[in-house]
Amino acid sequence: MFEDKSQELTPISKLGEFGLIKHLTEHFPLSNESSELGVGDDAAVINPENKRVVLTTDVLAEGVHFNLGYVPLKHLGYKAVVVNLSDIAAMNATPAQILVSLAVSNRFPVEALEEIYAGIQAACTRYKVDLIGGDTTSSNSGLVMSITAIGIENENNIVKRSGAKPNDLLVVTGDLGGAYMGLQILEREHAVFLADPNMQPEMEGYDYILERQLKPEARTDVKKILEELDIKPTSMIDISDGLASEILHLSDQSKVGFRLYEEKVPMDSLTISTADEMNLNPVMAALSGGEDYELLFTISPNDFDKIKNHPDFTIIGHAVEKEDGNFMVARGSNQLVALTAQGWDAFLGNQQNG
């Protein structure tokens, strides 16, 4: 957990619950006007000033969503915030506040929680959100984190999953599959370490995909970019469980089908080369890997000219009638491959991180 084994660590019991909360949160200033009252009272107070309040929450459990064998605690705190802010961004809303709750076993000293909160604070600073409350308790099964994110937005700006229409264009931000390939490298090197602790991990050259896994970013910038382009998406979702799964969510909520073109799926060259190295199909990493935290959205075909040359957006398909189903058009042919949700499912445990 810590590199310096000689460091004198502080048991949580020395501070107690309320002392711990005060210790961890005393350096979190409030910066949003909508944050009227933050940490320190029985409850926080938010003043949305006639706007809509957008809420999301996420639970991260050790051994299910993260492995502390290779996930630094500071990165964990940062990522835990980001995955929730990504949900706010997917509603085309502006994140403003978070609440953080931790359940920790007695193997975690105060210094470990300081590392987690340093990551949380870095995310709060990066995204200009306020920590306004939360809770801590003991745990008999390692570390569990629960974060609630709050967004404040004008009603007419909010975008749901349910607005796509046939012929709408399917658009994605950034590139996909990198986080999953980063996870594969971490899992591989961790397995080598467990087999021989004297072996040094081979991480050089994988920086981009490792960062995509350990320190993702929420696409809160997309809202402003789309406003500048005079585009309002008809539906939107973030890519946490894999591209295929998210397309199926949009299909279900909007009552349309989709055609995804394999050759259009954007992937970084390192993602592709690492997949090749590990005998994996890079497109499957994008379709089913998850944790990219990019945004997937639909726009009116009338907006094609506004977005077609933008470097951060890729048109990867279009909506069709519901009865036409959801298929990927295979590269170099017209073969249709049915899209299936094979991404992360915490209850099936088919991938370490979710």
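For every chain, the first residue of the written sequence is number 1, and numbering continues from 1 onward in sequence order. Restriction of local features to residues with pLDDT of at least 70 applies here, the model being predicted, together with a cutoff of 80 or more for giving and counting side-chain atom pairs; totals for whole chains, interfaces and linings are based on all residues. For side-chain calculations, the full set of non-hydrogen atoms in the structure is used, while hydrogens and water are omitted.

Focus on the pairing of strand β7 (residues 169-173)
Burial here depends on accessible area, computed with a 1.4 Å probe over protein chains only, as a share of the maximum for the residue type. Under 20% is buried, over 50% is exposed, and the range in between is partly exposed. Every helix listed is a DSSP run of H or I at least four residues long, and every strand listed is a run of E at least two residues long, numbered separately from the N terminus. Most of β7 sits out of view: 5 of its 5 residues are buried. The side-chain alternation of β7 yields two buried faces, one formed by L169, V171 and T173 and the other by L170 and V172. One ladder, built from 4 bridges, connects β7 with strand β10 (residues 295-299); its direction is antiparallel. Counterpart to V172 in the pairing with β10 is L296. Following DSSP output, two strands are said to pair if at least two bridges run between them.

A few points about the UniProt feature "binding site: Mg(2+) 3" (unreviewed entry) in the protein
Taken from the UniProt record, the annotation "binding site: Mg(2+) 3" (unreviewed entry) applies to D42, D87 and D238. An extended arrangement is adopted by the annotated residues: their sequence extent is 197 residues, and the largest C-alpha distance between any two is 32.8 Å. Note on placement: D42 falls in the loop between β1 (35-37) and β2 (45-46). You can call D42 exposed: its relative accessible area is 80%. By the secondary structure assignment, D238 is in strand β8 (residues 235-238). Filtering out sequence-adjacent residues up to four positions away, D238 remains in contact with S86, D87, A90, E246, Y293, E294 and L295. UniProt positions are given in the numbering used here, feature names are shortened, and annotations may be inferred rather than shown by experiment. Whether two residues touch is decided by their heavy atoms; if any such pair falls within 4.5 Å, the residues are in contact.

Some remarks on the packing of helix α2 (residues 73-89) against helix α3 (residues 110-127)
The convention used is that axes are lines fitted to C-alpha atoms, helices contributing only their stretch in contact, and that angles between N-to-C directions extend from 0 to 180 degrees. For the pair α2 and α3, interaxial distance at closest approach is 6 Å and the crossing angle is 40°. Put simply, α2 runs oblique to α3. α2 and α3 meet at a crossing whose hand is right-handed. Residue-level inspection shows L73, K74, G77, Y78, V81, V82 and L85 of α2 in contact with α3, the latter providing A112, E115, I116, A118, G119, I120, A122, A123, R126 and Y127. Looking at the contact of α2 with α3 residue by residue, the class counts come to 12 nonpolar, 2 polar and 3 charged. Working rule for angles: under 35 degrees goes down as roughly parallel, over 145 as roughly antiparallel, 65 to 115 as roughly perpendicular, anything else as oblique. Note on convention: near helix rotated counterclockwise from far helix by under a right angle means a left-handed crossing. Clockwise means right-handed. When residues are sorted by character, Ala, Val, Leu, Ile, Met, Phe, Trp, Tyr, Cys and Pro go into the nonpolar class, Asp, Glu, Lys and Arg into the charged class, and all the rest, Gly among them, into the polar class.

Some points on unusual backbone geometry
Positive phi, normally seen in glycine, also occurs at N92, with a value near 60°. By the secondary structure assignment, N92 is in the loop between α2 and β4 (94-104). The exposure class of N92 is buried, given its relative accessible area of 8%.

Concerning the sheet that holds strand β3 (residues 52-61)
Each strand in a sheet pairs with another by means of backbone hydrogen bonds, the pair being arranged parallel or else antiparallel. Taken in spatial order, the 4 strands make up an open sheet running β3-β6-β4-β5, and their pairing is mixed. Strands at the two margins of the open sheet, each flanked by one partner only, are β3 and β5 (130-138). In this sheet, neighbouring strand axes are inclined to one another by 15° on average, regardless of whether the strands run parallel or antiparallel. Sheet topology note: the β4/β5 ladder contains 8 bridges and is parallel. Bridge pairing in β5 links L99 to G133. Relative to strand β6 (residues 144-153), α2 is tilted by about 40°, and along the sheet it contacts β3, β4 and β6. The strands touched by α3 within the sheet are β4, β5 and β6, with β4 carrying the most contacts at an inclination of about 170°.

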